[in-house]
Amino acid sequence: MSLLKRINKQYKSIFISDVHLGTRGCKIDYLLDFLKTNEAENIYLLGDIFDGWRLKKSWFWPKKHSQAVDIILEKAKNGTRVVYIPGNHDEDFRSFDQQKFANIEIVNEAIHETEDGRKFFLIHGDAYDDVCIKAPWIAFIGDILYTFALRLNTHINRWRSYFGYDYWSISAWLKLKVKRAVQFVSDFEKKVAQDGINRNVDGVICGHVHHAEIKKYDNILYINTGDWVESCTALVEHNGGRLELLDCIRDKSLISESSNIISHESLSKPTSGQPA
């Protein structure tokens, strides 16, 4: 019997990143619900889908993590184009660049053209992270601290749920409140946008920093898909090319493109990094 049951929505494209299968922090129930109830012609997996760093240290693989993989494999088998762009946590897959397994394309970077004719450069994003490039040992230490914050987050939200409060991410809150972290995200976004300018595309779609965002830098649209350990967000392309970030925990959109906010024509009007 097919794993795919009820399809709620049909999109042109779906973009997700930073799932971190193989970790306790992965919000697998939200991911399974999203995968089961949404369909698209194209699905782009923008890295850190598996967390090889954690799996190499200690094996953690519940049945539900296998179910998520099975759903994606079945979508690919049934005609959905699935493109896997590895990240730094699943970097072992980068050696399979330009190869295809079980109907899933593995590439280290890609170009996606929306239905309204815009071209987007797709990449995970660690290539713009100076820590990953110049001091990878710091990235490993940061990963340990981040994992601790996620475990603490689980206990905090268990109590918040008991008392009737909404979900709250301590790690996301810390990143946005700590000045250096805020500056890191800002610098990261600017590097991504500059690369988009250099590549002569309309925008760049990436992940890595676990902070969902749609923002314009000059003529470039910077889009970050977020993650599935804190925010549970995904980028979708509607028929016609409109892009929208979905908040799958709160079941509402974060940011949606519209003709009077961001469109193909408005990309010619610089906004100097102001939010869309």
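Definitions and cut-offs
- Residues numbered from 1 in each chain as written.
- Predicted model: local features only at pLDDT ≥ 70, side-chain atom pairs only at ≥ 80, totals over all residues.
- Heavy atoms only, no water.
- Helix = DSSP H or I, 4+ residues; strand = E, 2+ residues; numbered from the N terminus.
- Buried < 20%, exposed > 50% of the residue type's maximum accessible area, 1.4 Å probe, protein only.
- Contact = heavy atoms within 4.5 Å.
- Areas by Shrake-Rupley, 256 points an atom, 1.4 Å probe, with all protein chains shown as cover.
- Expected span 1.5 Å × (residues − 1).
- Salt bridge = Lys/Arg side-chain N within 4 Å of Asp/Glu carboxyl O.
- Phe/Tyr/Trp six-rings, centres within 6.5 Å; stacked < 30°, edge-to-face > 60°.
- Lys NZ or Arg CZ within 6 Å of the ring centre and 35° of its normal.
- pLDDT = per-residue confidence, 0-100.
- Core = buried A, V, L, I, M, F, W, Y, C linked by side-chain atoms within 4.5 Å.
- Pairing = 2+ DSSP bridges.
- Axes fitted to C-alpha atoms, helices over the stretch in contact; angles between N-to-C directions.
- Parallel < 35°, antiparallel > 145°, perpendicular 65-115°, else oblique.
- Left-handed = near helix turned anticlockwise from the far one by under 90°.
- Nonpolar A, V, L, I, M, F, W, Y, C, P; charged D, E, K, R; others polar.

Caption draft 1: The overall build of the protein chain, seen in detail. Looking only at helices and strands, one finds seven helices and 13 strands in the protein chain. Every one of the 276 residues in the protein chain was classed for burial, and the buried ones make up 51%. The long-range fraction of contacts in the protein chain, counting pairs at least 24 apart against all pairs at least 6 apart in sequence, stands at 66%. For the protein chain, the exposed surface amounts to about 13,900 Å²; the carbon and sulfur share of it is 55%.

Caption draft 2: Just helix α3 (residues 63–77), in detail. The end-to-end C-alpha separation of α3 is 21 Å, in line with the 21 Å expected for 15 residues at 1.5 Å each. Considered for burial, the residues of α3 that qualify are His65, Ala68, Ile71, Ile72, Glu74, Lys75 and Ala76. Looking at the packing, one finds that the buried side of α3 touches α1 (28–37), β2 (38–45), β3 (81–84) and β5 (104–106). The first or second residue beyond α3 is Gly79, which carries a positive phi of 115 degrees.

Caption draft 3: Region of the structure containing the pattern of salt bridges. Going through the model one piece at a time under the given rule, you end up with 13 salt bridges. Where Lys64 meets Asp29, a salt bridge forms, and the shortest distance between an N and an O atom there is 2.6 Å. In this pair, Lys64 sits in helix α3 while Asp29 sits in helix α1, placing the two residues 35 residues apart along the sequence. On the basis of relative accessible area, Asp29 is assigned to the partly exposed category, the value being 46%. The closest approach of N and O atoms between Asp195 and Arg199, which form a salt bridge, is 3.0 Å. According to the relative accessible area criterion, Arg199 is partly exposed, its value standing at 38%. Each member of the salt-bridge network shares a partner with another, and the members are Lys12, Glu41 and Glu115.

Caption draft 4: Spatial organisation of unusual backbone geometry. Although it is not a glycine, His208 adopts a positive phi angle of roughly 80 degrees. Here His208 lies in the loop between β8 (203–206) and β9 (213–217). The exposure class assigned to His208 is buried, which follows from its relative accessible area of 12%. The phi torsion at His210 lies on the positive side, around 60 degrees, for a residue other than glycine.

Caption draft 5: Broad picture of the packing of aromatic side chains. The tally for this structure, following the rule as stated, stands at 10 aromatic pairs. Here the aromatic rings of Phe50 and Tyr84 are separated by 6.4 Å at their centres, their planes lie at 20 degrees, and the arrangement is stacked. Of this pair, Phe50 sits in the loop between β2 and α2 (52–57) while Tyr84 sits in strand β3, and the two are 34 residues apart along the sequence. Using a relative accessible area of 21% as the deciding quantity, one classes Phe50 as partly exposed. Plain terms: the ring middles of Tyr84 and Phe93 are 5.4 Å apart, the flat faces sit at 45 degrees to each other, and that makes the pair tilted. Take Tyr84: its relative accessible area is 6%, and that puts it in the buried class. Ring pairing ties together the aromatic residues Phe50, Trp59, Trp61, Tyr84 and Phe93, which thus form one cluster. For the cation-ring pair, Arg199 lies above Phe121, with the distance from its terminal atom to the ring centre recorded as 3.8 Å.

Caption draft 6: Structural context of the confidence of the model for the protein chain. Averaged over every residue, the pLDDT of the protein chain is 81; the share at 70 or more is 69%. A low-confidence stretch, residues 1–5 (pLDDT under 50), is modelled with nine contacts involving residues beyond four sequence positions or located in other chains. For the stretch residues 258–276, pLDDT sits under 50, and the model shows 40 contacts to residues farther than four places along the chain or on other chains.

Caption draft 7: Quick peek at the nonpolar core. Of all hydrophobic cores here, the largest spans 30 residues; its most connected members are Ile16, Leu31, Phe34 and Trp228. Taken together, the elements giving at least two residues each to this core come down to β1 (9–16), α1, β2, α3, β3, β5 and β11 (233–237). If you tally residues by element for this core, the top one is α1, at five residues. Counting 17 residues, the second largest nonpolar core, distinct from the first, contains Phe15, Ile205, Ala212 and Ile214.

Caption draft 8: Inspection of the pairing of β3 at higher detail. As judged from the four bridges shared by β2 and β3, these two strands associate in the parallel manner. Paired with Tyr44 across the two strands is Val83, which belongs to β3. Relative to β5, β3 runs parallel, the two being bridged by three bridges. Its bridge partner lying in β5, Val82 is registered against Ile104.

Caption draft 9: The packing of α1 against α3, seen in detail. Contact geometry of α1 with α3 gives a least axis separation of 10 Å together with a crossing angle of 20 degrees. In terms of orientation, α1 lies roughly parallel with respect to α3. Every pair of crossing elements has a handedness; the one defined by α1 and α3 is left-handed. Contacts between α1 and α3 involve Ile28, Asp29, Leu31, Leu32, Leu35 and Lys36 on the former and, on the latter, Lys64, His65, Gln67, Ala68, Ile71, Ile72 and Lys75. Looking at side-chain class alone, the contact of α1 with α3 contains seven nonpolar, two polar and four charged residues.

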